[in-house]
Amino acid sequence: MTNHKIAQILRNVASAYTIKNQTKFRFQIIAYQRAADAIENSTAEIKDLTKEGKLETLPGVGPSIKSHLEELIKTGGVKHFNWVFKDIPKSFFFLLEIPGFGPKTAYKLVKEFNLKNPDTVISDLKKIAEQGKIAALEGFGDKSQAEIVTAIKDYESGKGKTSRMTLPYAYELAQKLVDYLKKSKDAIEVYPLGSLRRMVSTIGDIDIAVSTKNPKEIIKHFVSYPYKERILEQGEATASILLSSGRQVDLMTQTPESFGSLLQHFTGSKNHNVHLREFALKKNFSLSEHGIKRKAKGGWKTEEIATEEKFYNILGLKWIPPEIREDTGEIEASHRNKLPTLIELNDVKGDLHIHSNFPIEPSHDLGNNSMEEMIKKAVELRYDYIGFSEHNPSVSKHTDDQIRSILERRKEKIEQIKSSNKNIRVINLLEVDILSNGNLSISDNVLDSFDGILVSIHSAFNTNKQTMTKRILSGLSHPKAKILAHPTGRLLGNRFGYELDFEKIFDFCKTKNKALEINCWPTRLDLPDIIVREAVKNGVKMFINTDSHAAWQMDLMRYGVAVARRGWAEKKDILNTLSYDDLFRWFSK
DNA sequence: GCCGTTTTCGGCCCGACTGTTTTCAGTCG
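Draft legend 1. Expanded view of the overall build of chain A. Secondary structure summary: chain A contains 23 helices and 17 strands in total. Computed over its C-alpha atoms, the radius of gyration of chain A comes to 27 Å, within 12% of the 25 Å expected for a compact globule of 589 residues. Projected onto its principal axes, the C-alpha positions of chain A cover 85 × 55 × 45 Å. The proportion of buried residues among the 589 residues of chain A is 53%. Residue pairs in contact within chain A that sit at least 24 positions apart in sequence constitute 68% of those at least 6 positions apart. Of the roughly 27,200 Å² of accessible surface on chain A, a fraction of 50% belongs to carbon and sulfur atoms. Each charge class in chain A can be summarised by its mean position, and for the 87 positive and 76 negative side chains these summaries are 5 Å apart.

Pasting the structure below:
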């Protein structure tokens, strides 16, 4: 059962409570919604957290929801939920999937028109709306009836259900909108915020904030964006549009004097903001995107906040980096002045997962650029060192002697490159497959000439946790094996990673001087941020590598750094922040 | 149902927008 599915079930519980008795269950409704948010946003699978007994680490999951989740994972159902869902037609929950339908609207329509069939409820309702039968109901009218038809049509055509974007894609999309908005003379500052600013590994929709003294003009300009499909909302200070691609873009405006409050509000996460506002309330402050209200004699007094730093400082907090605003302890850490000094892109001194086009005749893909071209790019990035780590030569197509001969030629090439490039150090590495039996795909004796090797899984993913963990530890135990590349094997939007016993892997890395990779490839971003955080807590060292197959891809480093930051990693946790000499010493250990 | 500068009891974020309404309910983020 996926996190998305589990979150949906919890939201259904909240919706069912709303129908049963909104007043009586008011706080249960909030609690279930909050837990659903946390589960939807969690990069760890609930299934795994349940097995590991770590469900309580999710904000909003307490003893009661925890035991319900355990029951759900174990048996596929929950007795208590069945009681909450009793007497509510299944079709009700199907209607909730349509944007704009909340529990009140959905239930009223299901009851009024006796829509009991979950398979046809949506098309049935569309017909009823098209026949003009809804406008007559109390609380509805012509406009809401037309909106129902539009929403269902959007839903049926798959709009809004498009899968989440990779970070670079979302960045490009946001940049186009930022450039467009900046064309308005009334735009003072324009920033993409929301999950994009927090650098979440996948992005749902685009949020943009504009600082302006003339919000009306900005809104007018925004809703005239040439690539919009239609306007979803348009008010005095905010607006939303749907792009032809099915992506939603939300815009918020604020005056320059209060822009700090908007930056804070619109960056989120939602759970971070809720927690921050509860924290503030106890200090007699009330927070919003407009500023900070202070309890004073004769009511509340609002103060405008121009910068985000000031916003946090007034609450007695240090500014919190956007990447860790997920309500996982950052507010408490800030309050105790115990925030981590997160690693920065500038701390990175080299990239050790680089595939050049050297004709190594590999089992997997070869790079597109020469070693010289990759080095040129590394120099541009002001790196101190670069590590070449092509895949090992294909084993099925070569004899041992042929492999040895290819690798010798490659070593000569690297030696030649070393002597002609004095301004950057070159490290001789190789990416080697770990076979399903735990052996490395090429034999021991040819590995001696390398400074180190990266090991990784590229086949036989479908195996259980114990077997895969054993397989990986077996591969990593080779004395030259120093880095486990893209450790979970996940491909975002495509396949889940294989399950691993990370406690064992962490132990092994620490005692045997091995490291885990944070792979920057946009659909990998592997290790996932939540596991990075566990690694940091356990004192396990990591590399951030781009896995570049072309020179331009070395720019993807910032996405891996973002993953590290989201995992609360500091410079000391990441080995490719070391000087060349220190790094080489680590490789020799 | 969750959770903690003080609180293991007694609180629980805040506001924009829309549509159907003469003052508000529902939804969303």
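Draft legend 2. The arrangement of the packing of helix H1 (residues 3-21) against helix H2 (residues 26-41) in detail. It is the contact of H1 with H2, at a shortest axis distance of 8 Å, that shows an interaxial angle of 170°. When the interaxial angle is binned, H1 and H2 end up roughly antiparallel. Touching Asn3, His4, Ile6, Ala7, Leu10, Arg11, Val13, Ala14, Tyr17 and Thr18 of H1 are Gln28, Ile29, Tyr32, Gln33, Ala35, Ala36, Asp37, Ile39 and Glu40, all from H2.

Draft legend 3. Region of the structure containing the pattern of salt bridges. Applying the stated rule across the entire model yields 34 salt bridges. Between glutamate 40 and arginine 11 there is a salt bridge, with the nearest N and O atoms lying 3.1 Å from each other. Separated by 29 residues along the polypeptide, glutamate 40 in helix H2 and arginine 11 in helix H1 bring together distant segments of the chain. On the basis of relative accessible area, arginine 11 is assigned to the partly exposed category, the value being 29%. Note that lysine 465 and glutamate 52 form a salt bridge whose closest N and O atoms lie 3.5 Å from each other. In this pair, lysine 465 sits in helix H19 (residues 465-476) while glutamate 52 sits in the loop between helix H3 (46-51) and helix H4 (63-75), placing the two residues 413 residues apart along the sequence. What makes glutamate 52 partly exposed here is its relative accessible area of 37%. By sharing partners, the salt bridges in this structure join Glu52, Lys54, Lys465, Glu534 and Lys537 into a single network.

Draft legend 4. How the structure looks around the domain arrangement of chain A. Each assigned domain of chain A is listed here: domain 1 (3-156), domain 2 (165-254), domain 3 (258-335) and domain 4 (345-588). Computed over C-alpha atoms, the centres of domain 1 and domain 2 are 29 Å apart.

Draft legend 5. Just the protein's contact with DNA strand B, in detail. Within the structure, DNA strand B sits among 46 residues, and Gly141, Arg277, Glu278, Phe279 and Lys283 are positioned closest to it. Taken together, the sugar and phosphate atoms account for 71% of what DNA strand B places within 4 Å of the protein. Histidine 290 is positioned such that a nitrogen or oxygen atom in its side chain is 2.8 Å from a phosphate oxygen of DNA strand B. Taking histidine 335, its side chain carries an N or O atom lying 3.4 Å from a base oxygen of DNA strand B. Of all the elements, helix H14 (residues 270-281) adds the most residues to the surface near DNA strand B, at six residues. Considered class by class, the residues forming the surface near DNA strand B number 16 nonpolar, 18 polar and twelve charged.

Draft legend 6. Up close: the sheet that holds strand E10 (residues 299-303). With antiparallel pairing, three strands are arranged side by side in an open sheet as E8-E9-E10. Either end of the sheet is taken by a strand with one partner, and the two such strands are strand E8 (285-288) and E10. Direction aside, the axes of adjacent strands within the sheet are offset by 25° on average.

Draft legend 7. How the structure looks around the packing of aromatic side chains. Per the stated rule, a full pass over the model turns up 19 aromatic pairs. On the basis of an interplanar angle of 75° and a centroid distance of 6.3 Å, the ring pair of phenylalanine 311 and tyrosine 312 is categorised as edge-to-face. Ring centres 5.6 Å apart and planes at 35° place the aromatic pair tyrosine 580 and phenylalanine 584 in the tilted group. Residue tyrosine 580 and its partner phenylalanine 584 are located together in helix H23 (residues 580-588), separated by four residues, close to a single helical turn. With a relative accessible area of 14%, tyrosine 580 lands in the buried category. Sitting over the ring of phenylalanine 461, arginine 495 keeps its end group 4.1 Å from the ring centre. It is arginine 558 that lies over the ring of tyrosine 171; its NZ or CZ is 4.5 Å from the centre.

Draft legend 8. Representation of the side chain of arginine 566 in the model. Tracing the chain through its elements places arginine 566 in helix H22 (residues 557-566). What makes arginine 566 buried here is its relative accessible area of 11%. In this structure the side chain of arginine 566 is engaged in a polar contact, spanning 3.0 Å, whose partner is the backbone oxygen of arginine 198. Engagement of the side chain of arginine 566 in a polar contact is seen with the side chain of aspartate 529, the distance being 2.8 Å.

Draft legend 9. Structural view of the pairing of strand E14 (residues 452-456). Counting buried positions along E14 gives five out of five residues, so the element sits mostly inside the fold. Burial along E14 is two-sided: Gly452, Leu454 and Ser456 and Ile453 and Val455, pointing in opposite directions, are all buried. With five bridges connecting them, strand E13 (residues 425-433) and E14 associate as parallel partners. The residue of E14 that forms the bridge with glutamate 431 is leucine 454. Relative to strand E15 (residues 481-484), E14 runs parallel, the two sharing three bridges. Bridging across to E15, valine 455 finds its partner in leucine 484. Handedness of the crossover joining E14 and E15 through H19: right-handed.

Draft legend 10. Up close: the nonpolar core. Ranked by size, the top nonpolar core spans 94 residues in total, and within it Ile208, Ile386 and Ile472 carry the most contacts. Here the element with the most residues in this core is helix H10 (residues 167-182); it accounts for eight residues. Two domains each provide a minimum of three residues to this core, namely domain 2 (165-254) and domain 4 (345-588). Sequence-distant contacts of isoleucine 386, that is, excluding residues within four places in its chain, are made with Asp351, Leu352, Ile354, Met374, Ile375, Ala378, Ile424, Arg425, Val426, Ile427 and Met554. By size, the runner-up hydrophobic cluster in this structure holds 51 residues, among which are Ile29, Leu58, Phe81 and Val149.

Draft legend 11. Summary view of the environment of phenylalanine 25. Here phenylalanine 25 is to be found in the loop between H1 and H2. Phenylalanine 25 has contacts with Tyr17 and Lys20, leaving out every residue within four places of it along the chain.

Parameters at a glance
Residues numbered from 1 in each chain as written. Chains lettered and ligands numbered in written order. Predicted model: local features only at pLDDT ≥ 70, side-chain atom pairs only at ≥ 80, totals over all residues. Heavy atoms only, no water. Helix = DSSP H or I, 4+ residues; strand = E, 2+ residues; numbered from the N terminus. Rg over C-alpha atoms; globule rule 2.2 N^0.38 Å. Buried < 20%, exposed > 50% of the residue type's maximum accessible area, 1.4 Å probe, protein only. Contact = heavy atoms within 4.5 Å. Areas by Shrake-Rupley, 256 points an atom, 1.4 Å probe, with all protein chains shown as cover. Lys, Arg positive; Asp, Glu negative; His and termini not counted. Charge placed at Lys NZ, Arg CZ, Asp CG, Glu CD. Axes fitted to C-alpha atoms, helices over the stretch in contact; angles between N-to-C directions. Parallel < 35°, antiparallel > 145°, perpendicular 65-115°, else oblique. Salt bridge = Lys/Arg side-chain N within 4 Å of Asp/Glu carboxyl O. Domains from an automatic or database assignment. Near = heavy atom within 4 Å. Polar contact = N/O pair within 3.5 Å; in protein donor to acceptor, adjacent residues only side chain to side chain. Nonpolar A, V, L, I, M, F, W, Y, C, P; charged D, E, K, R; others polar. Pairing = 2+ DSSP bridges. Phe/Tyr/Trp six-rings, centres within 6.5 Å; stacked < 30°, edge-to-face > 60°. Lys NZ or Arg CZ within 6 Å of the ring centre and 35° of its normal. Right-handed = clockwise from strand over helix to strand, strands pointing away. Core = buried A, V, L, I, M, F, W, Y, C linked by side-chain atoms within 4.5 Å.

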